Amino acid sequence: MDPEVSLMLHCDPSQALEEHQMHVEVSDRFNRQRFPEIEQHIEAIWTDRVTKEPWLFNGAKFRLHSALLTLTENGPMAEHALQNTTHLRHDEGEHSESALKSPEGLAKSKQPCVVKLQLGLTCYKDYLGTNWSREAEKLQSHGRNECLDPQAFLSQPLGVGAVLATADGDVVLLRRSQKVAEAAGLLDIPGGHPEPKMVCPGVSEEDICVELLQGKERAVVSEIFSSVCAEISDEVNVPVSSLSKPLFMGIALNHTSAGRPSAEFYVRCTLTTEEVRDFYRRGGPEANESTDILFLSRAKMLQLNERSPLWSEMCPSAKGAVLLYQRVMPE
């Protein structure tokens, strides 16, 4: 399996989940663990980056602690989860396919499922100083030894990505600009991050805290799903009105940034491939993040693997979305 990506959790075939099937628990218990040395390291990295790139700002992000996929209470509970994010990769020592398969009772049941995410808060500064730091492996080792959780001291901001299908059945890929901070020049899917500030209108980024999010769990879920369509609209420049409601396929982990998690969704578009191409060429709010748009047929999406020439051109988030699409196939 590609060492850049693994799957933390995936839905069963044709069982991608709608918004009402996602639940969240928000608590300080799910925040990053701290100790003085890492806080000093984070501050030093941030000061250096802001000096070189003064336009950077430290936005709040949701931190994914764990995810659990279960049957609804109408049937027997069956777990399909990986607690504390990447225990599979770091404790098992490999990408264990058997650990990713649904338990037999869940796989055979046609009862509806729900996914529960345990979320804390983090920020972009913490992400640069932990997941994206040269000290990430040391932090993972420290977390494993001190907390039995290799991700305990990492930021783990939750990202979102979309397998966007046109009315013709083609899937949209974007060629990332050489000017972006990560995966420059590689192929990606539309995506980004849900924003805590959208759940706390009128509150500054610095003042957003877990207490302000508690009691607003459905709004957090709504932001996770709506952020998918917002990112598609900003990056591809298609109207939000042309997009279907996102369907949650699962969570992929990007190991080039120490196992950063991304929730991947499937979204249909009422526009044809040529119409999407035309909208993209007109430019949108985030047109500077990509330089070209490509389209893959459903058949080619299903055939993609590590031996495909295109695979080496794809960034980890796109690879994770492809793997989830191939397993779940929401159509």
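Rules of the game
- Residues numbered from 1 in each chain as written.
- Predicted model: local features only at pLDDT ≥ 70, side-chain atom pairs only at ≥ 80, totals over all residues.
- Heavy atoms only, no water.
- UniProt positions renumbered as here; feature names shortened; annotations may be inferred.
- pLDDT = per-residue confidence, 0-100.
- Contact = heavy atoms within 4.5 Å.
- Salt bridge = Lys/Arg side-chain N within 4 Å of Asp/Glu carboxyl O.
- Helix = DSSP H or I, 4+ residues; strand = E, 2+ residues; numbered from the N terminus.
- Buried < 20%, exposed > 50% of the residue type's maximum accessible area, 1.4 Å probe, protein only.

The name given to the chain in an unreviewed UniProt entry is Nudix (Nucleoside diphosphate linked moiety X)-type motif 22, with the source organism recorded as Danio rerio. The chain has a UniProt comment under Cofactor (unreviewed entry) that states "Mg(2+)".

S.K.: How do you make sense of the confidence of the model for the chain when you look at a structure like this?
M.R.: As a general rule, the predicted coordinates of low-pLDDT regions are not to be interpreted in detail. When the pLDDT values of the chain are averaged, the result is 89; 89% of them are 70 or greater. Every residue in residues 75-108 scores below 50 in pLDDT, and together they form 87 contacts with partners more than four places removed in sequence or on other chains.

S.K.: For this particular structure, what's the right way to read the pattern of salt bridges?
M.R.: When their charged atoms lie close together, side chains carrying opposite charge are able to pair. Scanning all chains against the criterion turns up 19 salt bridges. In this structure, Glu4 and Lys319 form a salt bridge, with 2.8 Å as the shortest nitrogen-oxygen distance. Placement of Glu4 in the segment before strand S1 (5-10) and of Lys319 in helix H11 (residues 316-328) is noted, with a sequence separation of 315 residues between them. Residue classification places Lys319 among the buried positions, given a relative accessible area of 5%. Note that Glu25 is salt-bridged to Lys116, the shortest N-O span being 3.4 Å. Residue Glu25 is located in strand S2 (residues 22-26), and its partner Lys116 is located in strand S5 (residues 113-123); the two are separated by 91 residues in the primary sequence. For Glu25, a relative accessible area of 23% puts it in the partly exposed group. When salt bridges with common partners are traced through the structure, they connect Arg32, Arg34, Glu39 and Asp126 into a single cluster.

S.K.: Is there a simple way to explain the environment of Val267 in this structure?
M.R.: Relative to the elements of secondary structure, Val267 occurs in strand S11 (residues 260-268). A relative accessible area of 0% means that Val267 is categorised as buried. Considering only alpha carbons, one finds Val267 and Cys229, 38 residues apart in sequence, at a separation of 8.1 Å. In this structure, Val267 is in contact with Ala162, Val163, Leu164, Ala165, Val228, Ile232, Leu243, Ser244 and Pro246, ignoring residues within four places of it in sequence.

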